[in-house]
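Overview (structure and organization)
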Amino acid sequence: MKKLFILLLLPAILFSCKKKNNCGEVTDTAPASEVATLKDYINTFGITATEDSRGFFYSIINAGGSDKPTICNEVKVNYVGRLTNGSVFDQGSGTSFFLSNLIKGWQEGIPLIGAGGKIILYIPPSLAYGGSVAGSIPANSNLIFEIELLGF
């Protein structure tokens with residue numbers, strides 16, 4: 001039985017090691033029309049945010065430590081996700097995720113801060129759930145996430 005367990009576990013270990021070695025920078029970009037719509041929202045509400053060349057916006061509340069996570073890391077976060085109408089669709093405290101399993105906006109935005117940092121991400125649909133409905137999130141929604149990076 002132990003030999004079977006080890007044989008089954010070995011491919012998983014090899015795959016995860018291979019995946020870590022092939023981690024690269026996420027470079028997906030949002031279309032100009034989505035960026036313009038999100039920019040209009042930010043300007044309308046007088047939000048101070050930086051535009052990233054990939055098409056999302058962000059406000060760094062606290063930069064955190066100098067080491068930054070990569071898409072290869074598991075991150076531990078406190079977060080609140082909102083629609084642009086202010087309704088909360090998700091939140092978590094002390095929640096851990098592999099960054100590679102999350103929406104592109106998180107993959108691109110969280111590495112802007114280090115452990116102990118806090119950021120607000122304004123994410124267009126193509127860097128989130130696109131044209132798909134996801135739970136209580138309507139298709140083609142701009143999303144706002146307030147994220148505190150506890151560690152990675």
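What you see is a predicted model; the values in this text were computed from it and never measured. Numbers given for residues are sequential positions, taken from 1 along each chain in its written order. Where totals are concerned, whole chains, interfaces and linings use all residues; where local detail is concerned, this predicted model gives features only for residues with pLDDT of at least 70, and gives and counts side-chain atom pairs only at 80 or more. Where side-chain values are given, they derive from all heavy atoms of the structure, hydrogens and water being excluded.

Examining the confidence of the model for the protein chain
Mean pLDDT over the protein chain works out to 88, with 86% of the residues at or above the 70 mark. Looking at any residue, its pLDDT shows the predictor's confidence there, from 0 to 100. Two residues form a contact once any of their heavy atoms are found within 4.5 Å. Low pLDDT, under 50, characterises residues 1-21; the stretch is placed with 3 contacts to residues that sit more than four places away or in other chains.

Concerning the packing of aromatic side chains
Aromatic pairs are defined between Phe, Tyr and Trp rings, using the six-membered ring for Trp, whenever the two ring centres lie within 6.5 Å; interplanar angles under 30 degrees are classed as stacked, those over 60 as edge-to-face, and all others as tilted. For the structure on display, the rule yields 7 aromatic pairs. Ring centres of F56 and Y58 lie 6.1 Å apart, and the angle between their planes is 45°; on these two criteria the pair is classed as tilted. Take F56 and Y58: they sit in the same class, and that class is buried. Through a chain of ring-to-ring contacts, three or more aromatic side chains come together here, namely Y79, F89, F97, W106 and F145. With a 1.4 Å probe rolled over the protein chains alone, any residue whose accessible area is under 20% of its type maximum counts as buried; one over 50% counts as exposed, and the rest are partly exposed.

Considering the sheet that holds strand β4 (residues 88-98)
At least two bridges found by DSSP between two strands is the condition for calling them paired. Strands here mean DSSP runs of E at least two residues long; helices mean DSSP runs of H or I at least four residues long; both are numbered from the N terminus. Ordered in space as β1-β2-β5-β6-β3-β4, the 6 strands form an open sheet in which the pairing is antiparallel. With partners counted over all chains shown, the strands left at the sheet margins are β1 (50-51) and β4, one partner each. Looking at chain direction, strand β2 (residues 57-62) and strand β5 (residues 118-123) are connected through 5 bridges and run antiparallel. Across the sheet, Y58 pairs through a bridge with L121, a residue of β5. Fitted lines through C-alpha atoms give the axes, limited to the stretch in contact for helices. The angle between two N-to-C directions lies from 0 to 180 degrees. Lying on the sheet, helix α2 (residues 32-44) is in contact with β1, β2, β5 and β6 (143-151); it crosses β2 at an angle near 45°.

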